[in-house]
Amino acid sequence: MAKKTYIQAITDALDIVLEDDPKTLIFGEDVGKNGGVFRTTQGLQEKYGEDRVFDVILAESGFTAMKLLLGITLRMLALRIQFMGSYLEAVDQIIGQEARMRFRFDGLKTAPVTIRTPYGGGTHTAEMHADNLENIFASTPGMRVVMPSNPYDAKGLLISSVENNDPVLFMENLKLYRSMKDDIPDGKYTVPLDKANVAREGNDITIVAYGAEVNEALKVADDLAKKNISVEVIDLRTVSPIDTDTIFKSIEKTHKVVIVQEAQKIAGVGAQVASAIAEDAVLSLDAPIGRVAAPNSVYPFALGEDTWIPRAKEIEEKVNEILNY
């Protein structure tokens, strides 16, 4: 057990999956000698060789097609695309091909591929680097979309993702890479896919969040606890499919809910959670469903991030509004 950052936890996970199964490959842009843009694969090529950890050309549509063919031959793959915005170049291969693999072959063939990408604001990156595009892939049948909020979950969920037989989009929040640490067990452990986590128990209101916004929600819970308000925080962890059972169980207790996402409000994950509650658990509520999200605008340039991304202040204002309804 040691204190490790989010990024160190990811490197640990990649090291373990490479050691566990000689069929596992890691490839992508700059993942080899350079160890990735953020050094998540640092030292892995030296340890496992250029045949298993290697760079590819800067052509997302091309190397995602190569990834698909390798996946069909039963290799477990961990592909790295440098930034979320670059996924638009590979949408056809991911959505049109990989996500349909199990259906197309009636379960006889699968696509055991994990596609990693950084996303999210707070680090003042260039345009197209911080976009939250999870809604595009979360709305695709056959895809899993995983977005860990802390180092412990990052390691366990990444191992689970690579060992899963279906394609997984594994999204790593840029701001969290080196801004937080957890006690991380040595060696292998897994965190289950498709299962939300009760990050904090409470009785008065539920906040449902994912990614970096979970940590903003926890700040709100800490602050409101000083005012004798008990907030339950649900970390979705997997945003497709969504674990609605955990959400419903929580609001049966609290009777109030606020849904938080970093992506634009028009994007789909928060809306899907709200829709599921409205359809199947609305009678548990004593107030309208609250939502906190970014504005419905193009992701801003770096200097505009701080006023665009939802913070604890906005979440707390919405929580108080719902509590006082």
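Note: the structure precedes this text.
Asks: Hey, could you go over helix α10 (residues 268-280) for me, with residue numbers and the actual values?
Replies: Owing to its 3.6 residues per turn, the α-helix brings residues three or four apart onto one side. Given a rise of 1.5 Å per residue, 13 residues ought to cover 18 Å, and the 18 Å separating the end C-alpha atoms of α10 matches this to within 8%. What α10 keeps buried is the set Val269, Gly270, Val273, Ala274, Ala276 and Ile277. With its buried residues spanning 160° around the axis, α10 presents them on a single face. Residues of α10 that are buried sit in contact with α6 (134-138), β10 (205-209), β12 (238-240), α9 (244-254), β13 (257-264) and β14 (290-294).

Asks: I'd like a description of the packing of aromatic side chains, backed by residues and values.
Replies: Under the defined criterion, the tally for this structure stands at four aromatic pairs. Centroid distance Tyr152 to Tyr189: 4.6 Å. Interplanar angle 20°. Geometry classified as stacked. Note that Tyr152 is positioned in helix α7 (residues 151-163) and Tyr189 in the loop between β8 (181-184) and β9 (197-200), a separation of 37 residues in sequence.

Asks: I'd love a proper account of the layout of surface pockets, names of residues and values included.
Replies: For the largest pocket, the calculated volume is near 250 Å³. Every residue lining the largest pocket is counted, 22 residues in all, and those nearest its centre are Leu176, Met180, Ala212, Asn215 and Glu216. Elements with a minimum of two residues in the lining of the largest pocket: β9 and α8 (213-225). Ranked by the residues each element gives to the lining of the largest pocket, the list is headed by α8, at six residues. In the lining of the largest pocket, the residues fall into eight nonpolar, seven polar and seven charged. Each pocket or cavity is described by its volume, and for the second largest pocket that value is around 170 Å³. In terms of lining residues, the second largest pocket is bounded by Asn135, Ala138, Ser139, Val239, Ser240, Pro241, Ile242, Thr244, Gly268, Val269, Gln272 and Ala276. Residue assignment for the lining of the second largest pocket shows that the elements contributing at least two residues are α6, β12 and α10.

Asks: Provide a residue-level description of the packing of helix α1 (residues 6-20) against α7, including the pertinent values.
Replies: Any two packed helices are characterised by the angle at which their axes cross and by the distance between the axes. Running from amino to carboxyl end, α1 crosses α7 at an angle of 30°, the nearest separation of the two axes being 8 Å. By the criterion of interaxial angle, the relationship of α1 to α7 is roughly parallel. In this structure, the crossing between α1 and α7 has a hand that is right-handed. In this structure, α1 contributes Tyr6, Ala9, Ile10, Asp12, Ala13, Leu14, Ile16, Val17 and Asp20 to the contact, and α7 contributes Pro151, Ala154, Lys155, Leu158, Ile159, Val162 and Glu163. Of the residues contributing to the contact of α1 with α7, the split by class is twelve nonpolar, no polar and four charged.

Asks: Go over the side chain of Thr5, please, and point to the residues and values.
Replies: Relative to the helices and strands, Thr5 is located in strand β1 (residues 2-5). Residue classification places Thr5 among the buried positions, given a relative accessible area of 8%. Among residues more than four places away in sequence, those in contact with Thr5 are Pro151, Tyr177, Arg178, Met180 and Lys181.

Asks: With reference to specific residues and values, describe the environment of Tyr325.
Replies: Looking at the element boundaries, Tyr325 is found in the segment after α12 (312-323). Dropping the residues within four chain positions of it, Tyr325 is found in contact with Asp286, Ala287 and Pro288.

Asks: Please give an account of the pattern of salt bridges that cites residues and values.
Replies: Scanning the entire structure with this criterion turns up 20 salt bridges. When the shortest N-O distance is used, the salt bridge between Glu216 and Lys219 registers 3.0 Å. With Glu216 and Lys219 both in helix α8 and three residues apart, this pair spans about one turn of that helix. Among the ionic pairs, Asp223 bridges to Lys227, the shortest N-O distance being 3.9 Å. A relative accessible area of 26% places Asp223 in the partly exposed class. Through salt bridges with shared partners, a single ionic network connects Arg102, Arg144, Asp166 and Asp194.

Criteria and thresholds
- Position numbers for residues start from 1 in each chain and track the written sequence from start to end.
- In keeping with the predicted nature of the model, local features appear solely for residues at pLDDT of at least 70, side-chain atom pairs appear and are counted solely at 80 or more, and the whole-chain, interface and lining totals rest on all residues.
- Calculation of side-chain values draws on the structure's entire complement of heavy atoms; hydrogens and water are dropped beforehand.
- We count a stretch as a helix when DSSP gives it H or I for four or more residues in a row; a strand needs E for two or more, and each element gets its number in order from the N terminus.
- One fewer than the residue count of a helix, multiplied by 1.5 Å, yields its expected span.
- Only protein chains enter the calculation, and the probe is 1.4 Å; a residue is then buried if its accessible area is under 20% of its type maximum, exposed if over 50%, and partly exposed in between.
- It is the directions from the helix axis to the C-beta atoms whose arc is reported.
- Throughout, a contact is declared for two residues whenever any of their heavy atoms are within 4.5 Å.
- Classification of ring pairs rests on two measures: the distance between centres of Phe, Tyr or Trp rings, Trp counted by its six-membered ring, which must be within 6.5 Å, and the angle between planes, read as stacked under 30 degrees, edge-to-face over 60 and tilted in between.
- A cavity, in this analysis, means grid points on a 1 Å lattice covering only the protein atoms where a 1.4 Å probe fits yet has no way out; a pocket is instead an open set bounded by protein on both sides within 12 Å along at least five of seven lines, and a residue lines either one if it has an atom within 4 Å of a point.
- Grid points are joined across faces, edges and corners, and a volume is the space filled by probe spheres set on the points.
- Three residue categories are used. Nonpolar comprises Ala, Val, Leu, Ile, Met, Phe, Trp, Tyr, Cys and Pro, charged comprises Asp, Glu, Lys and Arg, and polar comprises the others, including Gly.
- For every element, the axis is a line fit to its C-alpha atoms; helices are fit only across the contacting stretch, and the angle between N-to-C directions ranges from 0 to 180 degrees.
- For classification, angles of less than 35 degrees are called roughly parallel, those exceeding 145 degrees roughly antiparallel, those between 65 and 115 degrees roughly perpendicular, and all remaining angles oblique.
- The crossing is said to be left-handed when, going from far helix to near helix, the turn is anticlockwise and less than a right angle, and right-handed when the turn is clockwise.
- The salt bridge criterion pairs a side-chain nitrogen of Lys or Arg with a carboxyl oxygen of Asp or Glu, the two atoms within 4 Å.

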